[in-house]
Amino acid sequence: LQGVFVLGLPYAVLHSGYSGLFLIVLAAALCCYTGKILIACLYEENEDGQLMRVRDTYEDIANACCKKLSPKLGGIVVNVTQVVELIMTCILYLVVSGNLLSHSFPYVPVTEKTWSVIAFFTLLPCVFIRTLKIVSKLSQLCSLVHFVIILVVMTYCLTQMHQWSWAKFKLSIEFENFLVSIGVIIFSYTSQIFLPTLEGNMRNPEEFRFMLNWTHFFACMLKTTFALTAFLTWGGETKEVITDNLPPFLKTLVNLCLLTKALLSYPLPFFAATEIVYSCISKGHHSNYRFPLLALCVRGSILLLSLLMAMFTPHFALLMGLSGSVTGAAMTFLLPSLFHLKLKWKKLSFSQKCADISVFILGFLCSLAGIACSIKGLLEVFG
């Protein structure tokens, strides 16, 4: 999910300066930590003191935390938050697809919204996806395209090293733009909703923490290097989507690659969102699809909803910032730390409790401020 949205990081650095680079590193460390404590909530000790996996999903963790208040309240909150985040991701893919097509073919008298509609029609076959097999194959192609894109952009940036200047970095920052940048950076790391399933399907689950450390380390290095080199190359001229800064001979090529990646990436969050919604409506019978017409209606409705939202909010960075501040912060920082404190309070050390509380407070403040600033930015754009 992070591939296309990495393109917004140089723009975030533009508005946050040196602190933006620090935030990319800090976000990686915090996301890695909350991923670990989220998985810890899946386990409980048995009579022999051995850890046993007693929960399978984020929803199960939420229900366990809220069972005294309401057996299903926590699961409902988590499912709603997950669906919102996944649909927002789908919307962003359509928004960026329209943006890429518009900048790839500027001589065609077609608006960015119309390009989004054209991209939407290529995604109609998604309503017929019923298994993860197809989605996984598309994701493999996405990874290949992603590395090609990053390689091309960074190679061009390195050819412009003679123009680099650290003076382009701001020492003073605009507070509101800084908060929007926080949302963009958070959104580029959100993956917690997939971690319980990932850990449950690992051949050696005990290696999960090791895997999480290294994946976040390499993601942090890649994002920091990419954001830094791109910003040093274009400075104050950095666009919301960095490929808009490329010279014409590269822009069209890279934009078409990005378009391919965005369209191939869409099925994953779309499939996950439809599975959650369908399972809630059909009361858990999503695995065998007893109601094929209902499943088709759910997929079609979510597909259409993503298009309508993309038409009304065609601003990539602001929309990504809002998504990161709302659902990204909740699923990545707020809920994991809250659930960990609730389920493991008696077994946590003082330092662990302080760490969880600090993450929760930090996530709450960033989320609140980011929401206000992102909404204000969107309102200003719409006049």
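Residues numbered from 1 in each chain as written. Predicted model: local features only at pLDDT ≥ 70, side-chain atom pairs only at ≥ 80, totals over all residues. Heavy atoms only, no water.

Under an unreviewed UniProt entry, the protein chain has the name Vesicular inhibitory amino acid transporter and belongs to Pitta sordida. One UniProt comment on the protein chain, placed under Sequence similarities (unreviewed entry), says "Belongs to the amino acid/polyamine transporter 2 family." (UniProt positions renumbered as here; feature names shortened; annotations may be inferred.)

### Points about the overall build of the protein chain
Scanning the protein chain for helices and strands turns up 15 helices and two strands. In the protein chain, which comprises 383 residues, the share counted as buried stands at 53%. Counted over contacts in the protein chain with a minimum sequence separation of 6, partners at least 24 positions apart contribute 78%. In the structure as shown, the protein chain presents an accessible area of about 18,200 Å², 69% of it carried by carbon and sulfur atoms. (Helix = DSSP H or I, 4+ residues; strand = E, 2+ residues; numbered from the N terminus. Buried < 20%, exposed > 50% of the residue type's maximum accessible area, 1.4 Å probe, protein only. Contact = heavy atoms within 4.5 Å. Areas by Shrake-Rupley, 256 points an atom, 1.4 Å probe, with all protein chains shown as cover.)

### Some details on the pattern of salt bridges
Opposite charge on two side chains permits them to pair, given that their charged atoms come into close proximity. Applying the stated criterion across every chain yields a total of five salt bridges. Measuring nitrogen to oxygen at the nearest pair gives 3.8 Å for the salt bridge that ties Lys-344 to Glu-44. Of this pair, Lys-344 sits in helix H14 (residues 316–344) while Glu-44 sits in strand S1 (residues 43–45), and the two are 300 residues apart along the sequence. A relative accessible area of 10% places Lys-344 in the buried class. Taking the relative accessible area as the measure of exposure, Glu-44 reaches 21% and is therefore partly exposed. Note that Lys-347 is salt-bridged to Glu-45, the shortest N-O span being 3.9 Å. Linking Lys-347 in the loop between H14 and helix H15 (350–381) with Glu-45 in strand S1, this pair joins segments that are 302 residues apart in sequence. (Salt bridge = Lys/Arg side-chain N within 4 Å of Asp/Glu carboxyl O.)

### Quick word on the packing of aromatic side chains
The description of two aromatic rings rests on the distance between their centres and on the angle between their planes. Under the criterion given, the structure shown has 10 aromatic pairs. Seen in terms of ring centroids, Tyr-266 and Phe-270 are 5.6 Å apart; in terms of plane orientation they differ by 25°. Their pairing is stacked. Looking at Phe-270, the relative accessible area reads 1%, which means it is buried. An aromatic cluster of at least three residues, connected via ring pairs, comprises Phe-210, Trp-214, Phe-217 and Phe-218. Over the aromatic face of Trp-345 sits the side chain of Lys-353, whose NZ or CZ is 4.0 Å from the ring centroid. (Phe/Tyr/Trp six-rings, centres within 6.5 Å; stacked < 30°, edge-to-face > 60°. Lys NZ or Arg CZ within 6 Å of the ring centre and 35° of its normal.)

### Notes on the packing of helix H3 (residues 18–40) against helix H10 (residues 208–234)
Where H3 meets H10, the closest approach of the two axes is 9 Å, and the angle between their N-to-C directions is 160°. Classified by the interaxial angle, the pair formed by H3 and H10 is roughly antiparallel. Helix-helix and strand crossings are classified by hand; for H3 and H10 the assignment is right-handed. From H3, Leu-21, Ile-24, Val-25, Ala-28, Cys-31, Cys-32, Gly-35, Lys-36 and Ile-39 reach across to H10, where they touch Phe-208, Arg-209, Leu-212, Asn-213, His-216, Cys-220, Lys-223, Thr-224, Ala-227 and Leu-228. (Axes fitted to C-alpha atoms, helices over the stretch in contact; angles between N-to-C directions. Parallel < 35°, antiparallel > 145°, perpendicular 65-115°, else oblique. Left-handed = near helix turned anticlockwise from the far one by under 90°.)

### Focus: a positive patch on the surface
Residues Lys-67, Lys-68, Lys-342 and Lys-346 make up a contiguous surface patch of positive charge. With respect to the helices, strands and loops of the structure, Lys-67 is situated in the loop between helix H4 (58–65) and helix H5 (73–104). (Patch = residues over 30% accessible without salt bridge, like charges linked within 9 Å, V, L, I, M, F, W, Y side chains within 5 Å. Lys, Arg positive; Asp, Glu negative; His and termini not counted. Charge placed at Lys NZ, Arg CZ, Asp CG, Glu CD.)

### Notes on helix H12 (residues 267–281)
Between its first and last C-alpha atoms H12 spans 21 Å; for 15 residues at 1.5 Å apiece the expected length is 21 Å, and the two agree. Of all 15 residues in H12, 11 are buried; the element is thus mostly enclosed. Within the span of H12, buried status applies to Pro-267, Pro-269, Phe-270, Phe-271, Ala-272, Ala-273, Thr-274, Glu-275, Ile-276, Tyr-278 and Ser-279. Along its buried surface, H12 packs onto H5, helix H7 (132–159), helix H11 (248–265) and helix H13 (292–312). (Expected span 1.5 Å × (residues − 1).)

### Here's the deal with the packing of helix H6 (residues 112–122) against H13
Where H6 contacts H13, the two axes come as close as 10 Å, and the packing angle between them is 165°. Looking at the two axes, H6 sits roughly antiparallel to H13. For the crossing formed where H6 meets H13, the hand is right-handed. Where H6 abuts H13, its residues Lys-113, Ser-116, Val-117 and Phe-120 lie against Leu-303, Leu-304, Leu-307 and Met-311.

### Some remarks on the nonpolar core
Core analysis: the biggest nonpolar cluster contains 99 residues, and Leu-94, Ile-185, Tyr-189, Phe-226, Tyr-266 and Phe-339 have the highest contact counts within it. At 13 residues, H5 tops the list of elements feeding residues into this core. (Core = buried A, V, L, I, M, F, W, Y, C linked by side-chain atoms within 4.5 Å.)

### Some thoughts on the side chain of Thr-238
When you line up the elements, Thr-238 lands in the loop between H10 and H11. A polar atom in the side chain of Thr-238 sits 2.6 Å from the backbone oxygen of Gly-235. (Polar contact = N/O pair within 3.5 Å; in protein donor to acceptor, adjacent residues only side chain to side chain.)

### Points about the side chain of Thr-274
Turning to its location among the elements, Thr-274 is positioned in helix H12. Look past the residues within four positions of Thr-274 in its chain and what remains in contact with it is Val-298, Arg-299 and Ile-302.

### Considering the layout of surface pockets
Considered as a void within the structure, the second largest pocket measures approximately 490 Å³ in volume. Along its surface, the second largest pocket is lined by 18 residues, and Lys-36, Ala-40, Leu-51, Arg-209 and His-340 are the ones closest to its centre. For the lining of the second largest pocket, the secondary structure elements donating two or more residues are H3, S1, H10 and H14. Considering each element in turn, the lining of the second largest pocket owes the most residues, five residues, to H3. When the residues that make up the lining of the second largest pocket are grouped by side-chain class, the tally is nine nonpolar, two polar and seven charged. (1 Å grid on protein atoms, 1.4 Å probe; cavity = no way out; pocket = protein on both sides within 12 Å on 5 of 7 lines; lining within 4 Å. Points joined across faces, edges and corners; volume = space filled by probe spheres on them. Nonpolar A, V, L, I, M, F, W, Y, C, P; charged D, E, K, R; others polar.)

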